[in-house]
Amino acid sequence: MEEINSKIKEACNDGQGNRILESLEFYKEFIELVNFAFLVINPDNKIAYCNSTAANLFGIDNGELKSLTIFDLFSQIRSYTFEEESLVQNYNDGKSINNEVVQIKRKNNSQIWMNLCLKPILNENEQITCTILTGLDISGMKDYENQLNQIMNFEKLITSISSQFLGTLDFNKAIKDTLKRIGISKMVSRVYLFSFDESNEYLINTHEWCAEGIETHIDFFRKTPLNKFPSVKENILSGKFVSIENSLDFSKGSSNLRKILSSRCVRATLAYPIYTNGIISGILGFDDEKKPRVWAPEDYSLIKVVSQIIGNALERKIDEDKIQESEEKYRNILESIKEGYFEVDLYGNFTFFNDALCEITGYSRENLLNLNYSELYDDDTRQYLYEEFNKLLKIKNVFKMLEYPQKKKNGELIYLESSAYLKYDVNAITGFKGFVRDVSERKKGEFLRRSFNQKLEEKVLIRTNQLTEALDKQKLYLDQIIKSSYFKTEFLATMSHELRTPLNSIIGFTDLLLEGIYGNLNPEQLEFIKDIKSSAEHQFDMISQILDISKIESGQISLKFEDIHLLDFMNNILSTLRSLINEKKLVLEMKGIKKKHLIKADPHKLKHIIENLLNNAIKFTEKGYIIIEFSYYKNGWELLIKDSGIGIAEENFRLIFKDFKRVKSPFVDSTPGSGLGLALTKRIIELHGGRISFSSKLGEGTTFRIRIPNEPKKNDTFVIEQFLGKL
Ligand code: ADP
C-alpha cells in the first residue's frame, strides 16, 4: 500500500495527472487481488478507479461504481464518530481520514463493518491531484468483538449476581437484586422465582421483578397448582427448560400455559428448575410482554447458571437456618451449665459468653462485653495466655488445656482451668472459644498435699536417720553383748571351778565339825555351823547351776541319750522327795506311767529337770496334791506336773524362765531359791529339742508341761538363739 501511494505521488509530482492511472496499470493486477477496497477519486469527485473488492464491499456493480461520485458512496457510509456531513466536510477540506470504523449499507440492504482510510494526494504545488479511498472488511472481527463483549457482559452479570450471595446473606435482598439485574440485562418484562410448597403440588411465586409499566403477577400466581400445567410439570420435574416464544402461536399446541400466559399478556417466557441439595425446589424464569421473543442461547445459559446460583444459596440458607437453630439450642445449653463459656475474636475481645463466666470472674455482663480477655490477668498470666493461644494458631491445633490464676473483680485470687479451641467461621479462623472452670479448691488441696508430702518426707528422713542411728547403736550393743556373753560364759566355765573348790572345803570342814571330830560343839556353835553348811550348800548349788547354764551357752555340754524305763526312773526320783511330800501331807498321784514305757533322754539331765519341777511343786504347795501325768504325743512324749499350790499371777508369767528371777511375794521370799532352777531346766529341755510351758492361776495351782521329741534334732544355732531370746 505504501509503495502504491509513493508511486502515485511520484506520478503526480510529474505534473501529469494521467500518469497516475498509467502507473496504476502496473499494479492493477496486484490491486485486483487484494482483499480491501481500493478507489481513486479524481478532483472532480468522480470515481476514476475501483477494484473488484470495492464493488463487492459496497454491493455495487463495478461498472456502475465507476459512474458514481464519492458523495454517492458517502450516502452508504455510516460513521459512529463522524456525522455524514462531517465526513463529507473532511473530504471537501482535503483532510485525511485514518482507520475509521464505519458501517456500510450495501445495495441489498445488508451491512458490513469497514475500516476506512481517505487520503488526498497532493502535487508539488500542494494541489489535490486525486484522493485514494481504501476500505477493509472488518465484519468478522466486529462479530467476534461483539461475541466477546457478550461473553464478558454475561460473566460480569454472573459475577455480580454470585457476589450477592457471598458473605452474610440477606437472602431476600440478594434474590430481589438478582432478579432485577437479569431483567435489566435481558431487557425482559418480568423475572420470577417460584418455590414448591411442602406438598410439592403447588408452586408459590415468592419473588418477582417487573420492568417499568409491567403489571405484577405475584398475587395471581401466589399458589399455582402444578397439575393444571402438565407440560410445565413434566419439563420441570425432568429438569428441562420451559420455553414459549409466542404464547399466541397456538399452532405449537394450545396448552393451559399458553392460555393463561396470553390472558396475562405474556408473549414469551423461559424458565428452568432450581435444584437444592439435588432436589427440584422451584423455578426461575423471565417473561416478555412486548412481543414474541426467540430466546437466544445466552438467555438459556443465563437462566440456567442463575438458577444454580440461587439453588446453592438456598442450600446455604437451609444449612444456615439449621446451624442457627442448633446454635440456639447450643447457646441455651451453654447458659444452663455451671462451666463458664467464652468466645473471643482474634484480638481477645469477648464476642460471646455465658452467665456462668460472669459468676466465676465476678464481672457483670456489661463489664465483660467492654473488656478484652487480656485485661483480666496480671502480666505473667497475660504473657502465658498470649503464648498458648499463639501456639494454638500456629500449629492449628484444635484443643489445649490451660491453667492459670485470675483475680476476680473483688480482688479474690482464684485458679482457673480452661480449654481453648480455635473458632472457625466457614473456613477462616475468627477467634478462640473454650470452657472455664474454677479449680481453686483443687489447687488448694494440691498445695496442701504437696506441702504435707514435703513435711512427711522431712519427718520420714529424720525418723529414718534416728532409726538407722538406733539400729547402729543396737548392733554395736549386740556385738558388745555377744562379745561379753561369750566372755562371760568362758569366764564362768573356768572360774566356777575356782569358786566351787573353797565351797567344797567349807562343806567338808563343817561336816567334820558337826560329826564332832574336833570335839563336841555347844548348841549355839552347832546352830552356827549348820547355818554355814546350808549357806555353803546353797552357794554350791547356785554355782553349779550357773556353771551348767554357761556350759550350755558356750556349747560345752553334750547329752548322752539312753533308753529310760520311766516308771523305775520316776520311783527313784520320788524316793528322795517322799519325806518332803509327806511332811506337808500332800497327795501325790502318778497317772499314765506304765512299766513298759520307755523313753529316750539324757538320764542325768532328765533327773535334774523332773527333780527341779517336783521340788518347786512341793515348795510352792501348802496343801492339796501333786499329780504327775505321762502321755505320748505325735512325735514324742509329754509329762505334766500339776500342783494345787500358790499359783502364779499372770503379770509374772514373763519372769518364770528368766535367770535369777523369782516372783516377788512374801511366800516365795520365805522359800529358798536362786531363780535359776527353771532357767536351767528350760535350757536342758531345749537341748533335748523339747519345749517347756506352763499354765497357772493365782491361789489355785500351777501345771508345768514338758515335751521331749523322740528324735531330738541337733541345733548348732541353739546357743546364740538362747542368748538372743534372753534379751
Ligand atoms: P527358785 O525355785 O529357786 O526360786 P526357779 O527358777 O525354780 O527358782 O523358780 C522361779 C520362780 O518361779 C520361783 O521363785 C517361783 O516364784 C516361781 N515358781 C516356780 N515353780 C512354781 C510353782 N510350782 N508354783 C508357784 N510358783 C512357782
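Calculation rules
Residues numbered from 1 in each chain as written. Predicted model: local features only at pLDDT ≥ 70, side-chain atom pairs only at ≥ 80, totals over all residues. Heavy atoms only, no water. Axes fitted to C-alpha atoms, helices over the stretch in contact; angles between N-to-C directions. Helix = DSSP H or I, 4+ residues; strand = E, 2+ residues; numbered from the N terminus. Parallel < 35°, antiparallel > 145°, perpendicular 65-115°, else oblique. Left-handed = near helix turned anticlockwise from the far one by under 90°. Contact = heavy atoms within 4.5 Å. Nonpolar A, V, L, I, M, F, W, Y, C, P; charged D, E, K, R; others polar. Patch = residues over 30% accessible without salt bridge, like charges linked within 9 Å, V, L, I, M, F, W, Y side chains within 5 Å. Areas by Shrake-Rupley, 256 points an atom, 1.4 Å probe, with all protein chains shown as cover. Salt bridge = Lys/Arg side-chain N within 4 Å of Asp/Glu carboxyl O. Lys, Arg positive; Asp, Glu negative; His and termini not counted. Charge placed at Lys NZ, Arg CZ, Asp CG, Glu CD. Pairing = 2+ DSSP bridges. Buried < 20%, exposed > 50% of the residue type's maximum accessible area, 1.4 Å probe, protein only. Near = heavy atom within 4 Å. Polar contact = N/O pair within 3.5 Å; in protein donor to acceptor, adjacent residues only side chain to side chain. Phe/Tyr/Trp six-rings, centres within 6.5 Å; stacked < 30°, edge-to-face > 60°. Lys NZ or Arg CZ within 6 Å of the ring centre and 35° of its normal.

Caption draft 1: Seen up close, the packing of helix α17 (residues 566–583) against helix α18 (residues 603–619). Relative to each other, α17 and α18 sit at 30 degrees, their axes nearing to 10 Å. Between α17 and α18, the angle is such that the two are roughly parallel. Our pair here, α17 against α18, has a crossing hand that is right-handed. Of the residues in α18, those touching α17 at Phe 569, Met 570, Ile 573, Leu 574, Thr 576, Leu 577, Leu 580 and Ile 581 are Pro 603, Leu 606, Lys 607, Ile 610, Glu 611, Leu 614, Asn 615 and Ile 618. Residues of the contact of α17 with α18, tallied by class, amount to 12 nonpolar, 2 polar and 2 charged.

Caption draft 2: Quick look at a positive patch on the surface. On the surface, Arg 654, Lys 658, Lys 661 and Lys 664 cluster together into a patch of positive charge. Turning to its location among the elements, Lys 658 is positioned in the loop between β22 (636–643) and α19 (666–669).

Caption draft 3: A look at the sheet that holds strand β19 (residues 587–591). One open sheet holds the 5 strands; their spatial order is β19-β21-β22-β24-β23, and the pairing between them is mixed. Whereas interior strands pair on both sides, the edge strands pair on one side only; in this sheet they are β19 and β23 (691–697). The average angle at which neighbouring strand axes cross in this sheet is 15 degrees, direction not considered. In terms of strand pairing, β23 meets strand β24 (residues 701–709) through 7 bridges, oriented antiparallel.

Caption draft 4: Just the pairing of strand β6 (residues 128–137), in detail. Of all 10 residues that make up β6, 7 are buried, and the element is covered over most of its length. Strand direction decides the pairing type here: strand β5 (residues 111–122) and β6, joined by 9 bridges, are antiparallel. The partner of Asn 115 across the bridge, within β6, is Leu 136. Between β5 and β6, which pair antiparallel one after the other, the connecting turn spans 5 residues, and Glu 126 there sits at a positive phi close to 65 degrees.

Caption draft 5: Representation of the site of the ligand in the model. As a structural note, the neighbourhood of the ligand is formed by 21 residues, with Asn 616, Lys 619, Arg 662, Ser 674 and Leu 678 the closest of them. Taking Gly 677, its main chain carries an N or O atom lying 3.2 Å from an oxygen atom of the ligand. In the environment of the ligand, an oxygen atom lies 2.8 Å from a nitrogen or oxygen atom belonging to the backbone of Leu 678. Burial of the ligand by the protein chains amounts to 97% of its free accessible area of 530 Å². Of all the secondary-structure elements, those providing two or more residues to the shell around the ligand are α18, α20 (677–687) and β24. It is α18 that provides the largest number of residues to the shell around the ligand, a total of 3 residues. Looking at the shell around the ligand, its residues break down into 10 nonpolar, 7 polar and 4 charged.

Caption draft 6: Representation of the pattern of salt bridges in the model. This model, assessed by the stated rule, comprises 29 salt bridges. As a salt-bridge pair, Asp 659 and Arg 683 come within 3.0 Å of each other at their nearest N and O atoms. Taken as a pair, Asp 659 in the loop between β22 and α19 and Arg 683 in helix α20 lie far apart in primary sequence, 24 residues in all. Taken as a pair, Asp 659 and Arg 683 share a single burial class, namely buried. Here the salt bridges do not stand alone but share partners, grouping Glu 339, Glu 403, Glu 417, Arg 437, Arg 442 and Lys 443 into one network.

Caption draft 7: Structural view of the packing of aromatic side chains. Under the definition given, this model contains 27 aromatic pairs. Considering the side-chain rings of Phe 653 and Phe 694, the 5.0 Å spacing of their centres and the 80 degrees angle between planes classify their relative orientation as edge-to-face. Separated by 41 residues along the polypeptide, Phe 653 in the loop between β22 and α19 and Phe 694 in strand β23 bring together distant segments of the chain. Under the relative-accessibility criterion, Phe 653 is labelled partly exposed at 27%. The side chain of Lys 443 reaches across the aromatic face of Tyr 415, ending 5.5 Å from its centre. Note that Arg 707 overlies the ring of Tyr 633, its terminal NZ or CZ placed 4.3 Å from the centroid.

Caption draft 8: Region of interest: the sheet that holds strand β2 (residues 47–50). Strands sit in the order β2-β1-β6-β5-β4-β3 across an open sheet of 6 strands; the sheet is antiparallel. For this open sheet the edge positions go to β2 and β3 (77–79), each flanked by a neighbour on one side alone. The average angle at which neighbouring strand axes cross in this sheet is 35 degrees, direction not considered.

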